[in-house]
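The lines below spell out each chain.
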Amino acid sequence: MSDCCNDDCTIEALREEQRGTLQAVLGINAVMFLVIAGAALYGNSTALLADSLDNLGDALTYGLSLYVVSKGAVAKARVALFKGGLILLAALVVVGQVVYRLFVPSAPLFEVMGAFSLLGLAANSICLFLLWRHRHEDVNMSSVWECSRNDIASNLSVFVAAGAVWLTGSGWPDILVALGLACLLMRSAIRVIRSALLKLRTADQGDES
């Protein structure tokens, strides 16, 4: 009885830690979405817009992850599947924006791109640090970790694009990086969806047996 009580207490303590971490990164990403989206519109940057959509997707993802912290494996797998769909949707929005820029070309403000990509990098580095210890705990936290790791790559890519726009005076680096980020988002979406489907399949097989 004592061992069962200790196990329950340990699980509940872990869930509380996960809730606290998810609340913190949810707040950071919600604020950064508003800040970077505004900067993207002002600076006319597709890559920065992709970065902001990534933050929005993450904020929604963290909110959903909070909901299933105390749920079972099947519920967590279903939410992870939904999160994969959100990531895929963000990638398609970026692709649509890229297509628009091909028909309506313009050079973004590299100063805005560089400054806000670094701001995003600082914020997402904090998120990555907070999520690090949770990355192998379950499919829910693993998918959250995947989102946060992508953010770091996104920020660095936008910063590189800003330098390339400054050197070339062209909007092409912005478009190319945006396409690269869209591919990264799609790859991440596929990985999260596959993992969630595997968990669901395993759960179904367990119920049948």
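Residues numbered from 1 in each chain as written. Predicted model: local features only at pLDDT ≥ 70, side-chain atom pairs only at ≥ 80, totals over all residues. Heavy atoms only, no water.

Caption draft 1: Structural view of a nonpolar patch on the surface. On the surface, a cluster of nonpolar side chains totalling about 820 Å² of accessible area is made up of Val99, Tyr100, Leu102, Phe103, Val104, Trp172, Leu176 and Leu179. Counting only elements with at least two residues in the nonpolar patch, the list comes to α3 (73-103) and α6 (172-208). Among the elements that line the nonpolar patch, the one with the most residues is α3, at four residues. Given the relative accessible area of 38%, Val99 is considered partly exposed. (Patch = residues over 30% accessible without salt bridge, like charges linked within 9 Å, V, L, I, M, F, W, Y side chains within 5 Å. Areas by Shrake-Rupley, 256 points an atom, 1.4 Å probe, with all protein chains shown as cover. Salt bridge = Lys/Arg side-chain N within 4 Å of Asp/Glu carboxyl O. Helix = DSSP H or I, 4+ residues; strand = E, 2+ residues; numbered from the N terminus. Buried < 20%, exposed > 50% of the residue type's maximum accessible area, 1.4 Å probe, protein only.)

Caption draft 2: Quick look at the nonpolar core. Counting 22 residues, the largest nonpolar core has Leu48, Val94, Met113 and Val158 as its most contacted members. It is α6 that contributes the most residues to this core, five residues altogether. Each residue touching Val158, except ones within four places of it in the same chain, is listed here: Ala47, Leu48, Asp51, Met113, Ser117, Val177 and Leu181. (Core = buried A, V, L, I, M, F, W, Y, C linked by side-chain atoms within 4.5 Å. Contact = heavy atoms within 4.5 Å.)

Caption draft 3: How the structure looks around the packing of aromatic side chains. This structure, assessed with the given rule, holds one aromatic pair. With a centroid separation of 6.4 Å and 45° between ring planes, the pair formed by Phe110 and Trp166 is classed as tilted. Taken together, the positions of Phe110 in helix α4 (residues 110-131) and Trp166 in helix α5 (residues 139-168) put the pair 56 residues apart, joining distant regions of the chain. Residue classification places Trp166 among the exposed positions, given a relative accessible area of 57%. (Phe/Tyr/Trp six-rings, centres within 6.5 Å; stacked < 30°, edge-to-face > 60°.)

Caption draft 4: Geometry of unusual backbone geometry. Phi at Asn44 is positive, roughly 60°, even though this residue is not glycine. Structurally, Asn44 can be placed in the loop between α1 (2-43) and α2 (46-67). Taking relative accessible area as the criterion, Asn44 reaches 23% and is therefore assigned partly exposed.

Such coordinate-based values are descriptive only and should not be taken to indicate function.
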